[in-house]
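Report on the structure
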Amino acid sequence: MRVVHRVEVRGSAGEGPATWGQTAIRRALAALAPQDHQFNLVWGGPLDRPLPTAAAVEVVRALVERHDSLRTRIHVRGDGFAQELCGAGTVEVVEERVDDLAAVAVRGARMRHELWGRRFDYATDLPVRAGLVTVDGAVHHTVLVVAHTALDGWGLPVLDADLTALAAGSAPPERAAWTPLDEAAWQTSHDGRRHDAAARARTLRTMRAAPVVVFPRGSADGKGPDSGSAVREGRGDEGTEDGGAGGAEAAARPRYRQTVLRSLRLGPAAERVAARWRTSTSGVLLAASCRALAAAAGRGDLALQVMVSNRFRPALADAVVTTAMEGLLHVDGLDAPFEEVGPRVWRAAMTAYRSAYYDKDLLRREAAADPTTAHDGTCWYNDRRGTGPDRTLRARPTRSRRLARADASDEQGGVTLTLHLVDAPDGGVDVVLTADAARLDDATAAFVVRDVERTVLAASRAPTPPSPRRAPRPAAPRAPCPGPRGRRPAARAGGGPPRAGGGAGRGRGGRGGRA
């Protein structure tokens, strides 16, 4: 039996211009409509201790009233957007009543898929909905879905901590963090405009130096960098380390394919390299990813859109907002030894991180007016480790089959590729490459994901420090840790432009989103 609760919420009210992050994600959602539900953030799961239904409904109410972003609608205003903080509104809480505990998990999974798969009307709906699975008046499973206009993946741990506190009957900690209206006020201030101008100027310089095309269309010729031929499989999780089931090319070839390598050794190896380089694992993995992609493209340089949390800015560290954006990274010399590539990528990444907080609409207009800025901005990278496994992957490795391939959705925003690093379900890291099959065939995609692992493992076995040069230290923070059992954020499959943090995201200078 299903009961839908219409929960009334109240709070302060106001309006103002949309923030840079709100505007960027709203335009991305419009481009994907009507499939924009795939940007929804979803998490939840079984509760350690059941909660009375009425208490659970009150937790949802308190959470929405606590965070302005969960009561913020986005409206079209001229050629831009505005935000409205609603003083009163209604949140949908769907309750599924089942007769016994054995049915809870199945109903919870079904509800998760249903609530995640529904679009929000960003101008009229409050950007949050919840689901409860109950037995005899007690909640055993929860689902919370939030629109990406309200939150990026790096904000999920804050919501998760607040939910945990509210469910336990305690007050969540007070945090000195911006609300969306606070953020918009700073962005339109003198300091905000000055910061924006500097960030855009750096990005325009990077555009002028970046290649116009990284992977030309038609470059998927059936010969990957380390494979003599490409075998294309069918629609399921059929790919394997040695080529899988094989089969003839389908008559209707999908545009995108997904390749996933599951590695238990990649994380520990990256830790060893990071300790030697005196940097972060995110820096090591970004360097390995850049090197693998450049090698697959047959180039010595690479242009890459890297998702950046922007949470290293103090007022945004604990903010429940959507503020992660992409920074354009361009680095050359990627065909050098990996010990030399690491510092080069680090320096380029620092420029990208510093430049990833800006007015994207204005940047696009400036770039469109300057032909010298033509560049390839269709390759995306998102380090989402720490947000939990991605339950929406089409290609699913197993313990006995580390490499899997599958057809991917064509709704990828026109990208060439997205390379995501995601937590594997049983530990380890999933290296997830979703790519345009006309630019990267299966053999090339397999080369990329394997080469990321191969490069880091080889570097981890190096017996001595690489050079006397003082290794740089990263300025961008690691992502927040995932929440407690039952509320771990769930990330979306790679596809781009990647959401900030994905169904969840993160801030190693790399995560986040789609962005």
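For the structure itself, consult the block above.
The structure contained in this document is the topic of the report that follows. (Residues numbered from 1 in each chain as written. Predicted model: local features only at pLDDT ≥ 70, side-chain atom pairs only at ≥ 80, totals over all residues. Heavy atoms only, no water.)

1. Structural notes on the packing of helix α8 (residues 281-297) against helix α9 (residues 338-354)
- Contact geometry for α8 and α9: axes closest at 9 Å, N-to-C directions at 105°. By the angle class used here, α8 and α9 are roughly perpendicular. Packed against α8, whose contacting residues are Val284, Leu286, Ala287, Ala288, Cys290 and Arg291, the element α9 presents Phe338, Val341, Gly342, Val345, Ala349 and Tyr353 at the interface.
- Looking at the contact of α8 with α9 residue by residue, the classes come out as 10 nonpolar, one polar and one charged. (Axes fitted to C-alpha atoms, helices over the stretch in contact; angles between N-to-C directions. Helix = DSSP H or I, 4+ residues; strand = E, 2+ residues; numbered from the N terminus. Parallel < 35°, antiparallel > 145°, perpendicular 65-115°, else oblique. Contact = heavy atoms within 4.5 Å. Nonpolar A, V, L, I, M, F, W, Y, C, P; charged D, E, K, R; others polar.)

2. Observations regarding the pattern of salt bridges
- Taken as a whole and judged by the stated rule, the model has 34 salt bridges.
- Two residues, Arg194 and Asp191, come together in a salt bridge whose shortest N-O distance is 3.4 Å. With Arg194 and Asp191 both in helix α6 (residues 190-209) and three residues apart, this pair spans about one turn of that helix.
- Residue classification places Asp191 among the partly exposed residues on the basis of a relative accessible area of 40%.
- The partner of Lys360 in a salt bridge is Glu326, and the shortest N-O contact between them spans 2.3 Å. Taken together, the positions of Lys360 in helix α10 (residues 360-368) and Glu326 in strand β11 (residues 325-331) put the pair 34 residues apart, joining distant regions of the chain.
- What makes Glu326 buried here is its relative accessible area of 8%.
- What emerges from the salt-bridge pattern is a single network uniting Arg2, Glu96, Arg107 and Glu114. (Salt bridge = Lys/Arg side-chain N within 4 Å of Asp/Glu carboxyl O. Buried < 20%, exposed > 50% of the residue type's maximum accessible area, 1.4 Å probe, protein only.)

3. Remarks on the sheet that holds strand β13 (residues 403-407)
- The seven strands lie next to each other as β11-β10-β12-β14-β15-β9-β13, forming an open sheet whose pairing is mixed. Whereas interior strands pair on both sides, the edge strands pair on one side only; in this sheet they are β11 and β13. Within this sheet the neighbouring strands show an average axis-to-axis angle of 20°, counted without direction.
- The pairing of strand β9 (residues 256-263) with strand β15 (residues 429-436) spans eight bridges and is classified as antiparallel. What sits directly across from Arg262, in β15, is Asp430. (Pairing = 2+ DSSP bridges.)

4. Here's the deal with the side chain of Thr455
- The topology assignment puts Thr455 in helix α11 (residues 442-460).
- If sequence neighbours within four positions are ignored, Thr455 has contacts with Ala288, Arg291 and Phe338.

5. Examining α11
- The end-to-end C-alpha distance of α11, which contains 19 residues, comes to 27 Å, matching closely the 27 Å that a straight helix rising 1.5 Å per residue would cover.
- Of all 19 residues making up α11, 16 are buried, and the element is well covered by its neighbours.
- Of the residues that open α11, the one with a side-chain oxygen 3.2 Å from the backbone nitrogen of Ala443 is Asp441. (Expected span 1.5 Å × (residues − 1). Polar contact = N/O pair within 3.5 Å; in protein donor to acceptor, adjacent residues only side chain to side chain.)

6. Things to note about the environment of Val320
- Along the chain, Val320 falls in the loop between β10 (302-308) and β11.
- Note on Val320: relative accessible area 7%, which makes it buried.
- With 141 residues separating them in the primary sequence, Val320 and Thr179 have C-alpha atoms 7.1 Å apart.

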